[in-house]
Amino acid sequence: MLFNSYPFILLFLPLVLAGYFWLGRRSNLAPVIWLALASIAFYAIGSWQFVALLLLSIAFNYGIGHLLIVAKLGPSPRKAALALGVAGDLLVLGIFKYAGFATENVNALLGTHFALHILLPVGISFYTFTQIAFLVDAYRGQVAAYALPHYALFVTYFPHLIAGPILHHKDMIPQFEREETKRPDGHLILCGVIIFAIGLFKKTCLADGIQPLVALAFDARSPSFDQAWCGALAYAFQLYFDFSGYSDMAIGISLMFGIFLPVNFNSPYKATSIVEFWRRWHMTLSQFLRDYLYIPLGGNRHGRVLRYVNLLITMLLGGLWHGAAWTFVVWGALHGAYLCVNHAFNALVPTIPSALARPARIGGTVLTFLAVVVAWVFFRAASVEWALRVLQAMADPSHIVFGREEIAALVMIAVYAALVWLAPNTQTLLGYDHANRRVGENLRAGRMRPLFLYGASLVLAFGILGIQSHSEFIYFRF
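Residues numbered from 1 in each chain as written. Predicted model: local features only at pLDDT ≥ 70, side-chain atom pairs only at ≥ 80, totals over all residues. Heavy atoms only, no water.

## Concerning the environment of L13
Secondary-structure assignment places L13 in helix α1 (residues 6-24). For L13, a relative accessible area of 7% translates into the label buried. (Helix = DSSP H or I, 4+ residues; strand = E, 2+ residues; numbered from the N terminus. Buried < 20%, exposed > 50% of the residue type's maximum accessible area, 1.4 Å probe, protein only.)

## Considering the packing of aromatic side chains
A complete count under the given rule lists 47 aromatic pairs for this structure. Between the aromatic rings of F134 and Y146, the centroid separation amounts to 6.4 Å while the plane-to-plane angle is 35°, which identifies the pairing as tilted. Residue F134 is located in helix α5 (residues 124-139), and its partner Y146 is located in the loop between α5 and α6 (148-156); the two are separated by 12 residues in the primary sequence. For the pair shown, F134 and Y146 are each scored as buried. Summarising the aromatic geometry, the rings of F265 and W281 are spaced 5.3 Å apart at their centres and angled 55° between planes, so their arrangement reads as tilted. Taken together, the residues F265 in the loop between α11 (225-256) and α12 (274-280) and W281 in the loop between α12 and α13 (283-297) connect sequence positions 16 residues apart. Under the relative-accessibility criterion, F265 is labelled buried at 6%. The ring of W321 is capped by K97, whose NZ or CZ atom sits 5.5 Å from the centre of that ring. (Phe/Tyr/Trp six-rings, centres within 6.5 Å; stacked < 30°, edge-to-face > 60°. Lys NZ or Arg CZ within 6 Å of the ring centre and 35° of its normal.)

## A look at the pattern of salt bridges
Counted by the stated rule, this structure contains 10 salt bridges. The residue R178 makes a salt bridge to E180 at a minimum N-O spacing of 3.8 Å. By relative accessible area, which is 46% here, E180 ends up partly exposed. D242 is the partner of K203 in a salt bridge, and the nearest nitrogen-oxygen pair spans 2.7 Å. You can see K203 sitting in helix α9 (residues 186-210) and its partner D242 sitting in helix α11, a full 39 residues away along the chain. Each member of the salt-bridge network shares a partner with another, and the members are K203, D208 and D242. (Salt bridge = Lys/Arg side-chain N within 4 Å of Asp/Glu carboxyl O.)

## Here's the deal with the side chain of K97
Residue placement: K97 occurs in helix α4 (residues 75-110). Residue classification places K97 among the buried residues on the basis of a relative accessible area of 7%. Here S125 takes part through its side chain, which lies 2.6 Å from a polar atom of the side chain of K97. (Polar contact = N/O pair within 3.5 Å; in protein donor to acceptor, adjacent residues only side chain to side chain.)

## What to know about the packing of α4 against helix α14 (residues 304-322)
Axis separation between α4 and α14 bottoms out at 10 Å; the angle between their running directions is 100°. On the basis of their axis angle, the class for α4 and α14 is roughly perpendicular. Touching K97, Y98 and F101 of α4 are L320, W321 and H322, all from α14. Looking at the contact of α4 with α14 residue by residue, the class counts come to 4 nonpolar, 1 polar and 1 charged. (Axes fitted to C-alpha atoms, helices over the stretch in contact; angles between N-to-C directions. Parallel < 35°, antiparallel > 145°, perpendicular 65-115°, else oblique. Contact = heavy atoms within 4.5 Å. Nonpolar A, V, L, I, M, F, W, Y, C, P; charged D, E, K, R; others polar.)

## A look at the domain arrangement of the protein
The domain architecture assigned to the protein consists of domain 1 (6-181) and domain 2 (187-476). Inter-centroid distance (C-alpha atoms) of domain 1 to domain 2 is 26 Å. Facing 37 residues of domain 1, the contacting portion of domain 2 comprises 37 residues. Overall, the association of domain 1 and domain 2 removes approximately 3200 Å² of surface from exposure, summing both partners, and the carbon and sulfur fraction of that is 71%. Counting every contact that joins domain 1 to domain 2 gives 1 salt bridge. For R437, the salt bridge is made with D171, and the minimal N-O distance between the two is 2.8 Å. (Domains from an automatic or database assignment. Buried area = accessible area lost by both parts, 1.4 Å probe.)

## A few points about the nonpolar core
Core analysis: the biggest nonpolar cluster contains 87 residues, and F3, F8, Y157, F158, F196, F257 and V439 have the highest contact counts within it. Looking at this core, the element that brings in the most residues is α5, giving 10 residues. The residue makeup of this core includes at least three contributed by each of domain 1 (6-181) and domain 2 (187-476). Residue contacts for F158: discarding those within four places in its chain leaves F3, F8, F12, L13, V16, L35, S39, F42, I253 and F257. Among the nonpolar cores identified, the runner-up in size contains 59 residues, and A217, C230, Y240 and V420 belong to it. (Core = buried A, V, L, I, M, F, W, Y, C linked by side-chain atoms within 4.5 Å.)

## Some points on the packing of α11 against helix α16 (residues 357-380)
Between α11 and α16, the shortest axis-to-axis distance is 9 Å and the interhelical angle comes to 90°. One element, α11, and the other, α16, form an angle in the roughly perpendicular class. Contacts between α11 and α16 pair W229, A232, L233, Y235, A236, F237 and L239 from the former with F369, L370, V373, W376, V377, F379 and R380 from the latter. Within the contact of α11 with α16, the residues separate by chemical class into 13 nonpolar, no polar and 1 charged.

So, in structure tokens, the structure goes:
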């Protein structure tokens, strides 16, 4: 089921909210079970054939976690239990996500013709990573014993299940356990509706609105210089507003239930370096890769060379996490290389004279954005060869069309660029503070109510009117 669909907005969400708060007046546990069942129903509506896999994954990881938390195991059995849990998760992920990719490469190398077609379960990357983090923390002794309904809800919670953010048990389960979250809070519901409306507008009007321009670069067999740039920039903005819209909607929906989700998107194109970009883009994935891959690999503790090797490995695997294709491997390798260059530059030029600080920030923002756009070409293209064709066109100003369609595209891209670099983001507008569980304090104090509410109503109306029959989020594929 899509957040940007009439059945979800008009039927599913109101029904689940009403049941959650009605049960919340009678029990502290019943609303948790209700929300977990509703989340599984949400998943089943779009991917019923994978519900059993999701439930088996929850049962398997909860069982391994129980062994690590409750059972009095010695050091060796504990390591064995963790290894079994992580290996089991990675095996399932590998079969469903990478077996087809591996078969294709074996066929290409050996000239064989094996055929393997396995459907990718929606959200498998997200719920697998979430549970691996849980097992690792349980092994480290950083997890309390959780009841099965709370754990099941933590994994299946529908605002995040399909496309993130990647949740952490320490953040979410205590919120599910609190009685206060089961009572309707008018302020949180109002803020949730406003944030959801902004996200819906970003998705249905902005991301879907610019999507046709992407074809200028990625559907043409030999795009011109201006077509390649327009298409690449259009995709950069489409992905930006698509992911930003989903992140807003997830936070908004969750707020209506009184649950604060972590911020996953913080104006990444305003970053002045690629290091900062990864602190702003898909923030929960970056934290997961840092805490459960980069640091266990050694991080920066064994010298500069090994630090760069660890960065490259982390980003290569991060690229593969996004998809089983060489285009994603190249995308991850590019970002790994960008990060190495960035860290090397910071080591060589630790401080910049104050007189040059502002020009350096502007130059850094432009350079970072261009580097990200080049990498997005691989992320979007159907093959590495196709991506190289687009990049070759972007580097060849001798072939320019600049017709009516290209001029209109440039105007549209300029409007989107102004929104990205000049407008405040949603969490700034609403004062969303995940750490302190606060949002909309200015709204609560009445300092911005009339104008802000009129604007939010208009945005919600445009967002609903812009809903198309079937417009998936780009991150649904991962």
